[in-house]
Amino acid sequence: MKNVFTFLLLLFSLLCNGQSPKLFTTDKELFSYDGAKFTIYKHEPNNEHSLAHNFVRTVFEDSKGHLLIGTYIGIQMYDPATDNFTPLAKLEDTGETLESNINSFIERKNGEIWVSGNVLCKLDIKDHLLTVRKVDIAVTSPGSLFEDKKQNVWMAKGEEGVYQLTPDNQLTLHLSKDNGYVKSICEDQRGKI
């Protein structure tokens, strides 16, 4: 009886098919997937609530559930309740649109959201309006951002190296361009960068 049961199990396993793998790509466009279908978002010139640019570099969700979109020309926020995008973020001091190729977002331990692009900025969100204040540092076009356990902000600047900004705003270059190309930064469990 044991041999018959084993034979039936083997025979049954031959009839079962595994799931076929699927590759989903949108070729650098913004999309969302709800488990059943994709929705592709594109820039529509006559729609002020559409995506501002088709080249999306980064997407970030903060601790309050705001979905921030970093495009080739600036920052927007997506509102799932209306299925719309906000206007591009404005500079706090001038009210002009921040035109910047956005690279990275981080939410700091103190709740601030920092954005890297052509400049380093702090982002404020009030009533679906985005405003930014520039962080006054001597680094242009900071790359990937990371905040460590000691609240230092690290910036990967590609061939230029890695910068550290301490909580008291001291800026230090840790790796120079002779050390290679740095794209991303992280911290291990022992606190080593």
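Here, the structure is the one placed above.
Residues numbered from 1 in each chain as written. Predicted model: local features only at pLDDT ≥ 70, side-chain atom pairs only at ≥ 80, totals over all residues. Heavy atoms only, no water.

Trainee: Just to check I follow, could you spell out the layout of surface pockets for this structure?
Mentor: To locate leftover empty space, one rolls a probe as large as a water molecule over the atoms. Its volume calculated, the largest pocket comes out at about 240 Å³. Lining the largest pocket we find Arg57, Asn103, Ser141, Gly143, Ser144, Ala156, Lys157, Gly158, Tyr181, Val182 and Lys183. Counted by class, the lining of the largest pocket contains three nonpolar, five polar and three charged residues. Computed from the structure, the second largest pocket encloses a volume of approximately 150 Å³. Surrounding the second largest pocket, Asp62, Lys64, His66, Glu107, Gly111, Glu112, Ile113, Leu123, Asp124, Ile125 and Lys126 form its lining. When residues in the lining of the second largest pocket are grouped by element, the largest group, four residues, is from strand β10 (residues 120-126). Considering only residue class, the lining of the second largest pocket consists of three nonpolar, two polar and six charged. (1 Å grid on protein atoms, 1.4 Å probe; cavity = no way out; pocket = protein on both sides within 12 Å on 5 of 7 lines; lining within 4 Å. Points joined across faces, edges and corners; volume = space filled by probe spheres on them. Nonpolar A, V, L, I, M, F, W, Y, C, P; charged D, E, K, R; others polar. Helix = DSSP H or I, 4+ residues; strand = E, 2+ residues; numbered from the N terminus.)

Trainee: Teacher, can you tell me more about the sheet that holds strand β14 (residues 162-165) here?
Mentor: Hydrogen bonds along the backbone pair up the strands of a sheet, which may run parallel or antiparallel. The antiparallel open sheet is built from four strands, whose spatial order is β12-β13-β14-β15. Because the sheet does not close on itself, it has two edges, and the strands there are β12 (144-147) and β15 (171-175). On average, each strand axis in the sheet is inclined to that of its neighbour by 25°, with strand direction left out of account. Summarising the sheet, β12 and strand β13 (residues 153-156) pair through four bridges and their orientation is antiparallel. (Pairing = 2+ DSSP bridges. Axes fitted to C-alpha atoms, helices over the stretch in contact; angles between N-to-C directions.)

Trainee: Help me understand the pairing of strand β4 (residues 67-71), please; the structure alone is not making it clear to me.
Mentor: Every other side chain in a regular strand lies on the same face of the sheet, so the side chains alternate between the two faces. In terms of burial, β4 is largely enclosed, as four of its five residues are buried. Pairing of strand β3 (residues 56-61) with β4, which is carried by five bridges, proceeds in the antiparallel orientation. Bridging from a neighbouring strand, Val59 pairs with Ile69 of β4. The antiparallel hairpin formed by β3 and β4 contains five residues in its connecting segment, where Gly65 sits at a positive phi of about 90°. Summarising the sheet, β4 and strand β5 (residues 75-79) pair through four bridges and their orientation is antiparallel. (Buried < 20%, exposed > 50% of the residue type's maximum accessible area, 1.4 Å probe, protein only.)

Trainee: Hey, could you run me through the packing of aromatic side chains in this one?
Mentor: Describing an aromatic ring pair means giving the distance of the ring centres and the angle of the ring planes. Under the defined criterion, the tally for this structure stands at five aromatic pairs. Centroid distance Phe55 to Tyr72: 5.9 Å. Interplanar angle 25°. Geometry classified as stacked. Of the two residues, Phe55 is situated in the loop between β2 (38-41) and β3 and Tyr72 in the loop between β4 and β5; the sequence distance between them amounts to 17 residues. According to the relative accessible area criterion, Phe55 is partly exposed, its value standing at 28%. The exposure class assigned to Tyr72 is partly exposed, which follows from its relative accessible area of 42%. A network of ring pairs unites the aromatic residues Tyr41, Tyr78 and Phe85 as a single cluster. Over the ring of Trp114 we find Arg108, and its NZ or CZ is 4.5 Å from the ring centre. (Phe/Tyr/Trp six-rings, centres within 6.5 Å; stacked < 30°, edge-to-face > 60°. Lys NZ or Arg CZ within 6 Å of the ring centre and 35° of its normal.)

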